[in-house]
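Structure at a glance
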Amino acid sequence: RKAGAMVLISNNELYGLLSGGCLEEDMVLNSQQCLASNTQKVIHYDLKDGEESFQGLGLGCDGALDILLQPLTPENGHLGFGKLLDFISENQRGYYLQSLKPGTPVQNQIITHQKELPGILSLEQLSKTHKGRSQIIKLPESEETLLINFVRPPIKLLVCGAGPDVVPLFTMSQQLGWETHIWDHRQSYLDQPAFQDCHHKRCLRPDDISLKNFKLFDAAVIMTHHLEHDQKYLQQLIASNISYIGLLGPRKRRDKLLSKLECTSEQMTGRVFGPVGLQINANTPASIALSI
């Protein structure tokens, strides 16, 4: 994975991956030393020398990795990591600054506004970090090196409808780490065992929805299998700020819904997607979920 990818090591257990799993065991061993000395450490793996094996692992990845290990302890305030998690859970976006200078007690920092910028960093430097890309900035005047990560909450997906074909979509979105919200006017559909782990279910009719209900979502998929309900959802979603609106069903059905709202598919290009998802010849609930 690329710069900015993170894993958490706790009690020798790993949450997340940096490689395909081949370097993680060695990382755990190194992390024990960091915790024991309460100092951070950069470990370097050079896999680009053409050898068939690296430390007997037989990787052949032809690349090099620098991995920063930072101990998170009560003494160093967990380097702001707890605050970072709170920040994300509050649906905020910003920048997470980490010092790469080994052997120093670092106080990592979350930046949300320009006024919070430390004097050593300019807004121009910060703005280069976006869309998940991370960057390393060397500050010669302070002999400091910073890793800047853009952080954002998980994708928030709204699914309008809770029929049986929503089950694989919910399952896949959970595996991807998305926050999935399911709305339906039928409580019995929401009570399906497959949705017992969905913490964001709402029983409501499309008539009861207002624009403020859509503020938190990145994308929405309409799949109620009811033309009138789909139309009401679509009308509200088009009026909202959501940039991706998926419509289950064929083009003819999409065009019928849009015409009732006095819109055309050309006017909604790049925002309303129907049939929803990538065109992979999907024709089953699972393959449609995959395409979405």
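Quick summary incoming for the structure in this document. Here the structure is a predicted model, which means the values were calculated and not measured. (Residues numbered from 1 in each chain as written. Predicted model: local features only at pLDDT ≥ 70, side-chain atom pairs only at ≥ 80, totals over all residues. Heavy atoms only, no water.)

Things to note about the overall build of the protein
- The secondary structure content of the protein amounts to eight helices and 14 strands.
- Relative to its full complement of 292 residues, the protein shows a buried share of 38%.
- For the protein, long-range pairs separated by at least 24 residues make up 53% of all intrachain contacts whose partners lie at least 6 apart in sequence.
- For the protein, the accessible area works out to roughly 16800 Å², and carbon and sulfur atoms hold 51% of it. (Helix = DSSP H or I, 4+ residues; strand = E, 2+ residues; numbered from the N terminus. Buried < 20%, exposed > 50% of the residue type's maximum accessible area, 1.4 Å probe, protein only. Contact = heavy atoms within 4.5 Å. Areas by Shrake-Rupley, 256 points an atom, 1.4 Å probe, with all protein chains shown as cover.)

Considering the packing of aromatic side chains
- Here the structure, examined in full by the defined rule, presents five aromatic pairs.
- Summarising the aromatic geometry, the rings of W183 and F217 are spaced 5.8 Å apart at their centres and angled 80° between planes, so their arrangement reads as edge-to-face. With W183 in strand β10 (residues 179-184) and F217 in the loop between β11 (201-203) and β12 (219-222), this pair connects stretches of sequence that are 34 residues apart. An identical accessibility class is assigned to W183 and F217; each is buried.
- Through pairs of rings, three or more aromatic residues link up here, namely W183, F214 and F217.
- Positioned over the ring face of Y189 is R186, at 3.9 Å from the centre of the ring. (Phe/Tyr/Trp six-rings, centres within 6.5 Å; stacked < 30°, edge-to-face > 60°. Lys NZ or Arg CZ within 6 Å of the ring centre and 35° of its normal.)

Brief notes about the pattern of salt bridges
- Applying the stated criterion across every chain, the model contains eight salt bridges.
- R186 is the salt-bridge partner of D184, the closest N and O atoms lying 2.8 Å from each other.
- With relative accessibility at 2%, the residue D184 sits in the buried group.
- Salt bridges sharing common partners tie together R93, R152 and D218. (Salt bridge = Lys/Arg side-chain N within 4 Å of Asp/Glu carboxyl O.)

So, the sheet that holds strand β7 (residues 135-139)
- Strand order in the open sheet formed by four strands is β6-β5-β8-β7, and the pairing between neighbours is antiparallel. Edge positions in the open sheet fall to β6 (109-111) and β7, since each of these has one partner strand only. Taking the axes of each pair of neighbouring strands and ignoring which way they run, one obtains an average angle of 30° across the sheet.
- Pairing geometry for β7 and strand β8 (residues 144-151), over five bridges, is antiparallel. Bridging across to β8, L139 finds its partner in E144. (Pairing = 2+ DSSP bridges. Axes fitted to C-alpha atoms, helices over the stretch in contact; angles between N-to-C directions.)

Quick look at the nonpolar core
- Formed by 22 residues in total, the largest nonpolar core has its most connected members in W183, F214, I222, L234, I238 and I245.
- Those elements that place two or more of their residues in this core are β9 (156-160), β12, α6 (227-239), β13 (244-247) and α7 (251-260).
- Sequence-distant contacts of I238, defined by excluding residues within four places in its chain, comprise I245, L258, L261, M268, R271 and V272.
- Judged by nonpolar contacts, the second largest core, of 16 residues, contains A162, A219, V221 and M223. (Core = buried A, V, L, I, M, F, W, Y, C linked by side-chain atoms within 4.5 Å.)

Any link to function would need more than the numbers given here.
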